[in-house]
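An overview of the molecular structure
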Amino acid sequence: AEASLSAASAIRVLVPGDEPALDAFFAAHPHTTLFFQNNVRKGGLVDRGAVYQASYAAAFEAGAITALANHCWNGNVLLEAPRHLEAVARAAVRA
């Protein structure tokens with residue numbers, strides 16, 4: 001079942017400036033975020049439809065990313081979402 005978001009939680013699309021929170025999430029999940037890490041490094045957080053670019057959505061709890069999804073330039077959806085999977089996937093595809 002999908003975990004509910006508390007008042008201290010939010011799902012939103014990532015924007016430039018979110019890199020520190022994203023880096024902390026990558027550090028906590030180094031082996032399962034390799035595609036994310038490569039794509040962010042090569043394409044950034046702004047999606048213009050170019051190779052390696054994607055729309056990124058994340059769940060934030062107490063200011064930290066706890067789930068991440070992206071909808072890539074090639075139509076793929078990548079997920080690292082131990083919580084809030086459905087919500088971040090929906091937000092990434094809609095962005």
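The structure under discussion appears in the preceding block.
A brief report on the enclosed structure follows.

Criteria and cut-off values
Residues numbered from 1 in each chain as written. Predicted model: local features only at pLDDT ≥ 70, side-chain atom pairs only at ≥ 80, totals over all residues. Heavy atoms only, no water. Core = buried A, V, L, I, M, F, W, Y, C linked by side-chain atoms within 4.5 Å. Buried < 20%, exposed > 50% of the residue type's maximum accessible area, 1.4 Å probe, protein only. Helix = DSSP H or I, 4+ residues; strand = E, 2+ residues; numbered from the N terminus. Contact = heavy atoms within 4.5 Å. Polar contact = N/O pair within 3.5 Å; in protein donor to acceptor, adjacent residues only side chain to side chain. Salt bridge = Lys/Arg side-chain N within 4 Å of Asp/Glu carboxyl O.

Moving on, we get to the nonpolar core. Membership of the largest hydrophobic core comes to 14 residues, with the highest contact counts inside it found for Leu14, Leu22, Phe26, Tyr56, Ile65 and Leu68. Secondary-structure elements contributing two or more residues to this core are helix 1 (19-28), helix 2 (34-43), strand 2 (54-61) and strand 3 (64-72). Broken down by element, the residue count for this core peaks at four residues, all from strand 2. Once you skip the residues sitting within four places of it in the chain, Tyr56 turns out to touch Arg12, Val13, Leu14, Phe36, Asn39, Val40, Gly44, Leu45, Leu68, Ala69 and Asn70. Grouped together as the second largest cluster of nonpolar side chains are eight residues, Ala57, Ala59, Ala67 and Ala81 included.

The next subject is the environment of Pro16. Looking at the secondary structure, you find Pro16 in the loop between strand 1 (9-13) and helix 1. Considering only alpha carbons, one finds Pro16 and Val46, 30 residues apart in sequence, at a separation of 7.2 Å.

When you line up the elements, Gln53 lands in the loop between helix 2 and strand 2. Engagement of the side chain of Gln53 in a polar contact is seen with the backbone nitrogen of Arg48, the distance being 2.8 Å. Apart from residues no more than four positions distant in its own chain, Gln53 is found in contact with Gly43, Val46, Asp47, Arg48, Cys72 and Trp73.

Okay, the environment of Glu86 next. Looking at the element boundaries, Glu86 is found in helix 3 (residues 85-94). A sequence separation of 17 residues divides Glu86 from Ala69, and the C-alpha atoms of the two residues are 9.4 Å apart.

Of note in the backbone geometry, Tyr52 takes a positive phi value of approximately 75° without being a glycine. The topology assignment puts Tyr52 in the loop between helix 2 and strand 2. For Tyr52, a relative accessible area of 30% puts it in the partly exposed group.

Two side chains bearing opposite charge may form a pair once their charged atoms approach each other closely. Under the criterion given, the structure shown has two salt bridges. With a shortest N-O distance of 2.8 Å, Arg12 and Asp18 are connected by a salt bridge. Using a relative accessible area of 33% as the deciding quantity, one classes Arg12 as partly exposed. In this structure, the salt-bridge partner of Arg83 is Glu61, at a minimum N-O distance of 3.1 Å. Of the two residues, Arg83 sits in the loop between strand 4 (77-80) and helix 3 while Glu61 sits in strand 2, which places them 22 residues apart along the sequence. The exposure class of Arg83 is partly exposed, given its relative accessible area of 40%.

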